[in-house]
Every structure is written in C-alpha cells, then in structure tokens.
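Analysis of the macromolecular model
Residues per chain, in single letters:
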Amino acid sequence: MNKGQTELKIGKRLAIGLKVLTTIAAFLSAATLGLSKLPDKPDPATGQPPSASPFLGVAQADWLYWSVVVGIALAALVLVDAAWTLVKERRQTRFEAVRENVSFFLLGALKFISDKTGINIIYLGGSVFEYKKKGKSFRLESLVRYRFDAYPSPSGIEWTSGKGAIGAAAATREAAHCDWVELSTQLNSSPDSRAKLLTAVPDSERYGFTDDELARMGKRYYESLAVPILADDGEKLLGVLAIDIPNRNELDLTTSLLGDKQSEQIATGAAAFVAKALGSR
C-alpha cells in the first residue's frame, strides 16, 4: 500500500470516528435539552407538585446547563468534521493528480519501448513504486501499475533491498535488468522440470528471489527493467520505475529486448519526469 493510499485509509478511519463522536454529541445534546424540561419544582400557577422528580438527581436548571455545554461541543465537532472533510478532499485531489501525471509519463515510456521493440503496447507493463525507509532497510510501495489488461496479475512480492530488478535499482541507485527469457520459456514448456531449472539458476542471477518467487516471476515475465527515480540533487531516492515484458502466447521472445542502453535511457528519461511529479506533492 502506498503513502497516498495509506493516508487515505487513515483519513477514512478518522472521518468515521468524527461521525461517531458527532452522532453521540447530537444525541446527548437532544437528551440533556429534553431532560432540562422535566419539572422539578411546583407549578407556580397551580401550586401542584412536579409530575416528575429530578432525573438522576440532577435539577432542571443543571440539565439545561449541560444541554448548552453538549450543544457547543456538538457545534465544535461539526466544524472539525467539515474542516477534516475539506482537507481529505484536497489530499485526494492532489493524490489523484500525481497518479495521473505519473501514469502519463509511464505510458510515454511504454510507447517508446513499443516502438523500439516492435511489441504491441497493449502487452507491455509499467510500474512506479515510492521509496519508504523501514528501519535500516526500506520498502517500495506501489503507486501506479499501468497495464492495458489484467495479465499478469500482481506478483504479491514485497520489493525490498536487492529483491528483483526493482529492489536492486533501489539499493544501488542504478538501472537493473532481469533477463528471464530462456528460463521463462523453459518453465512454461517443461513444468515438470521446474525444480531442476530453478536449481540451475546461479545466485548472481536470482536477484534475491527464493525458488517459489523465482518460479512465480519467471513463468509470468520474460524480463524486467528497473531504474531509480531520483530527486533533482541526484542523490535522494524517491522510488523506482519498472518496465516489463510478460510471457504471453502472442509473444515469442528468444532474446532480451530491454537490456540495451536505449531501453535504459527511455526508462531513465521517464523517471526524471516522474520525479518532478512526486516532488510536487
């Protein structure tokens, strides 16, 4: 879950809490006002005794006092709720504006990659992750995942330091490329040989993946290219931009297409524009 989504989730919980408090305050305001109407003194006109004794031992005048206090609290809660709603809407607007800009730059990168490789853009995928410090390590939260269809579905892998091309790009601040063209083809054509195929992959080409993770990624993707998203100072890491080519029946790759300098330049150029969008929040 990314920062914007996390903030929105927290904001939703706070909004619900304010609604609950406002409802309780409204009830108490109405109740205390009603109780203030219970007579606790003889009727001055008839001299008859009160029809009801002070409720809970609190006199009529005191109930009126508390109805005023609770009414003021209710008004304050309504004001806070209205202000919070305005803040929440503004955050939502900014978050969606950033996502829209990032998606636009990511789409541009996919178009250039499509033109370069000759692969229809509808088969390509792109993602942008935001960098989050986590103790001495870090995690990458998904901000945008751009695909024209639902395949492949999200991998569910947590992108940490050195994990996959994405984690490697974040850890080194340099471009990283996972070439699984041969492995992906073999995994899908010879599923019974999975254990043997995975064992043959050296540690230097695993990018921190376990056998299960490598099988999951290898069967789904031919390759993945990731580049760091750096601030204007060229030092601060804002996130990672990744482009992938999935293993699909319509695509029959025999060699890597994203491991060249031109692909890296395209991705890096898009990452520079994404950095400006992220820095605008």
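Refer to the structure presented above.
What comes next concerns the included structure. All residue numbers refer to position in the chain's written sequence, counted from 1. Restriction of local features to residues with pLDDT of at least 70 applies here, the model being predicted, together with a cutoff of 80 or more for giving and counting side-chain atom pairs; totals for whole chains, interfaces and linings are based on all residues. In computing side-chain properties, one takes all heavy atoms of the structure into account and sets aside hydrogens as well as water.

Further remarks concern the packing of helix H4 (residues 181–189) against helix H6 (residues 211–220). In contact at an axis separation of 7 Å, H4 and H6 are set at 95° when each is read in the N-to-C sense. With respect to their mutual orientation, H4 and H6 come out roughly perpendicular. Note on element contacts: H6 touches H4 through Leu214, Ala215, Gly218 and Lys219, opposite Leu183, Ser184, Leu187 and Asn188. Across the contact of H4 with H6, the residue classes tally to 4 nonpolar, 3 polar and 1 charged. Between N-to-C directions, angles span 0 to 180 degrees; the directions come from axes that are lines fitted to C-alpha atoms, helices contributing only their stretch in contact. By the criteria applied, helices consist of DSSP H or I runs no shorter than four residues and strands consist of E runs no shorter than two, each listed in order from the N terminus. Here roughly perpendicular refers to angles of 65 to 115 degrees, roughly parallel to angles under 35, roughly antiparallel to angles over 145, and oblique to all remaining angles. Any two residues having at least one pair of non-hydrogen atoms within 4.5 Å are treated as being in contact. Three classes are used: nonpolar for Ala, Val, Leu, Ile, Met, Phe, Trp, Tyr, Cys and Pro, charged for Asp, Glu, Lys and Arg, and polar for all others, with Gly counted as polar.

This brings us to the packing of aromatic side chains. Between rings of Phe, Tyr and Trp, where Trp is taken as its six-membered ring, a pair exists when centres lie within 6.5 Å; planes separated by under 30 degrees are stacked, by over 60 edge-to-face, and by other angles tilted. Overall, the coordinates contain 7 aromatic pairs when judged by the stated rule. The interplanar angle of 25° and the centroid separation of 5.2 Å between the aromatic rings of Phe105 and Phe273 together place this pair among those described as stacked. Taken together, the residues Phe105 in helix H2 (residues 60–117) and Phe273 in helix H7 (residues 261–279) connect sequence positions 168 residues apart. Exposure is judged per residue with a 1.4 Å probe applied to protein chains only, and the accessible area is read against the type maximum: over 50% gives exposed, under 20% gives buried, and values in between give partly exposed. Taking the relative accessible area as the measure of exposure, Phe273 reaches 47% and is therefore partly exposed. Ring plane angle 50° and centroid distance 5.8 Å describe the contact between Trp180 and Phe209, whose orientation is recorded as tilted. Of this pair, Trp180 sits in the loop between strand E3 (176–179) and H4 while Phe209 is found in the loop between helix H5 (194–199) and H6, placing the two residues 29 residues apart along the sequence. The exposure class of Trp180 is buried, given its relative accessible area of 4%. When its relative accessible area of 4% is taken as the criterion, Phe209 is described as buried. One cation-aromatic arrangement involves Arg173 over Tyr131; the distance from NZ or CZ to the ring centre is 5.7 Å. Put simply, a charge is over a ring when the Lys NZ or the Arg CZ is close to the ring centre, within 6 Å, and near the line of the ring normal, within 35 degrees.

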